[in-house]
Structures are given as structure tokens and as C-alpha cells.
Amino acid sequence: MTRPSPTQPATARQSRTQTAVPTHIAIIMDGNGRWAQSRHQPRTTGHRAGISSVRAVIDHLAKSGVHYVTLFAFSTENWSRPLEEVSVLLELLGEAVRDETAELHQNDVRILHLGRLDRLSPKLRQEIQRAIELTKDNTGLTLSVAFDYGGRDEIVEATRRIVAAGIPAEEIDESLFGHYLQTPTIPDPDLVIRTGGEFRISNFLLWQSAYSEFYSTPVHWPDFDEQEMERALEAFRLRKRRFGSLSPEE
Ligand code: FPP
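Residues numbered from 1 in each chain as written. Predicted model: local features only at pLDDT ≥ 70, side-chain atom pairs only at ≥ 80, totals over all residues. Heavy atoms only, no water.

Draft legend 1. Quick peek at the packing of aromatic side chains. Under the defined criterion, the tally for this structure stands at eight aromatic pairs. On the basis of an interplanar angle of 10 degrees and a centroid distance of 4.8 Å, the ring pair of Phe-74 and Phe-147 is categorised as stacked. Here Phe-147 lies in strand E4 (residues 142-149) and Phe-74 lies in strand E2 (residues 68-75), a separation of 73 residues in the sequence. Classification of Phe-147 by relative accessible area gives buried; the value is 1%. With 5.9 Å between their ring centres and 55 degrees between their planes, Tyr-211 and Phe-243 make a pair best called tilted. (Phe/Tyr/Trp six-rings, centres within 6.5 Å; stacked < 30°, edge-to-face > 60°. Helix = DSSP H or I, 4+ residues; strand = E, 2+ residues; numbered from the N terminus. Buried < 20%, exposed > 50% of the residue type's maximum accessible area, 1.4 Å probe, protein only.)

Draft legend 2. Inspection of the pairing of strand E3 (residues 110-114) at higher detail. Counting buried residues along E3, five of its five residues qualify, which places the element largely inside the surrounding structure. Here E3 shows a buried face lined by Arg-110, Leu-112 and Leu-114 and a second buried face lined by Ile-111 and His-113. With five bridges connecting them, E3 and E4 associate as parallel partners. Across the sheet, the residue bridging to Ile-111 is Leu-143, located in E4. (Pairing = 2+ DSSP bridges.)

Draft legend 3. Spotlight on the side chain of Glu-127. Mapping Glu-127 onto the fold places it in helix H5 (residues 122-135). Given the relative accessible area of 13%, Glu-127 is considered buried. One polar contact links Glu-127 to Arg-98, side chain to side chain, over a distance of 3.0 Å. When residues no more than four places from it in sequence are discounted, the contact partners of Glu-127 are Gly-94, Val-97 and Arg-98. (Polar contact = N/O pair within 3.5 Å; in protein donor to acceptor, adjacent residues only side chain to side chain. Contact = heavy atoms within 4.5 Å.)

Draft legend 4. Fine view of unusual backbone geometry. Even without a glycine there, the phi angle at His-40 is positive, about 60 degrees. Turning to its location among the elements, His-40 is positioned in the loop between helix H2 (32-37) and helix H3 (43-64). Among the residues examined, His-40 registers a relative accessible area of 76% and is labelled exposed. Its identity is not glycine, yet Phe-243 carries a phi of approximately 50 degrees, on the positive side. Tracing the backbone shows Phe-243 in the segment after helix H8 (226-237).

See the structure below:
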């Protein structure tokens with residue numbers, strides 16, 4: 001048996017023997033704009049249509065035995081998009097929190113937010129915080145919404161907090177650093193899915209995705225449904241995860 005390295009996260013060690021269904025799936029929901037433009041509609045129509053895919057995918061994954069789903073809804077770089085598009089994305093987040101929290105809570109879903117809250121309006125911040133508080137003891141699916149999230153921002157912020165806590169350099173290791181990130185209660189993603197055909201990580205979960213399997217599909221997010229998710233899960237089942245080591249037959 002290969003001994004896991006002491007610095008390897010617990011989740012990576014577990015995943016070695018549990019590759020059938022990913023424990024944690026993280027999704028870069030790309031292609032909304034192109035989906036809308038190909039229908040001669042404004043880009044924001046694509047974001048609105050993307051909400052249906054979010055619902056369908058969460059329902060499907062909750063039934064498939066996946067325990068953690070993380071959605072990249074807005075990056076720290078997305079503020080540079082046209083004001084109207086940014087406003088619609090903020091609006092959609094607010095609507096989703098207001099309209100979906102009660103049902104998610106009923107379904108035992110724990111809601112988390114990754115990223116910065118300080119640049120959101122006080123009202124939206126409060127709504128998000130209320131949803132997190134309401135669902136904090138739920139033990140079903142953990143749904144993390146990355147909104148105003150950037151992997152680099154998260155790493156810089158963690159470093160600042162470590163320095164502010166006065167932790168001596170020799171005590172800083174991967175495990176300690178991981179605890180200062182925004183994901184101390186979430187295992188690293190086993191699978192990162194990107195829709196819309198690109199093969200980029202785009203500042204998403206930079207630290208946490210070190211050993212994630214990556215799946216890219218040309219399907220635009222509003223067209224990504226249960227069947228497309230099954231394709232991604234099947235691709236994952238065929239992957240051999242080695243975490244930098246060798247598999248027994250090699
Ligand atoms: C990328 O597509 C998508 C986004 C920047 C936003 C994704 C947001 C949603 C699906 C709705 C909000 C979700 C929640 C959970 C509140 P793009 O606009 O970059 O598409 P393009 O590459 O075709 O231009």
C-alpha cells in the first residue's frame with residue numbers, strides 16, 4: 001500500500017479509494033453570454049437562463065451522492081464587466097438567496113459563501129449571512145457559492161491573517177495554511193467542471209484544485225443539464241488519480 005504523504009489533505013487520501021462518485025464537484029459556469037448572443041439576445045438573458053441549470057444540477061447531484069458542490073458565480077475580475085451585466089448578476093444572486101433558501105434548508109442543504117462580502121451591498125450581505133446562519137447545522141449537501149471570489153485574493157487574505165496572528169514562520173505548513181483559507185470545512189474538489197469550452201482555471205480554487213480532475217465541455221452553462229452532468233461523472237469514473245505518486249501497476 002502506498003503511504004499518503006503527511007502533507008496530503010485528508011480528502012485527497014480518501015478520494016484515492018472513492019473515485020466512483022466525487023465527494024466534491026466545483027463548477028465554472030461559463031458560456032452564458034455566448035448562449036444568449038447565439039440567440040440574438042443580451043448576454044444577461046444567458047445568466048438568467050443559467051439559474052435553471054443551477055437548480056437542475058444541484059437537485060441531480062444531491063441524489064447522486066455528491067456531498068459538496070461549489071459554483072463559481074462571480075469572480076473578483078468580473079467587476080470590470082459592463083455595469084448593466086454586473087447589476088444583473090448581483091440581482092440574480094439576491095433573487096436566488098431570497099427565493100431558494102427556504103427550499104434548500106428544507107432539503108437539508110448547508111449554504112456557504114466563498115469570496116469577499118465587503119463589496120456587496122449591506123442588504124445583500126445580510127441576506128447571504130442569514131442564509132448561511134439558517135442552514136449552518138444542515139448535514140446534507142454543502143452548497144458553496146463563490147461570488148466576488150478569486151483564488152489569489154483568498155491566498156493573499158490567508159497570508160495576511162497568518163501574519164496578523166503572529167504565527168512563527170516555522171509553524172506554517174500546508175495544513176495550517178489551508179485552515180486560513182475560506183474552505184476549512186470543505187474537502188478539496190475531486191472534480192472541477194468547466195462549461196463553455198475553455199480549458200482555464202480562471203483564478204478559481206487555485207490552492208484547493210491542486211489535484212482535482214479537470215473536465216471541460218463545449219456545452220454552454222444554460223444547456224448543461226442532468227445528462228451532461230452524467231457525462232462528466234462518467235468521465236471522472238474513468239480517471240486514474242495518482243496524486244503525484246504511481247498507481248500499483250506502474
Ligand atoms: C460566465 O459566463 C458566467 C458568469 C460570469 C456568471 C455565472 C452566473 C450564473 C449562472 C447566475 C448566477 C448564479 C448564482 C448561483 C446566483 P460568461 O458570461 O463569461 O459567458 P461567455 O464566456 O459566453 O461570455
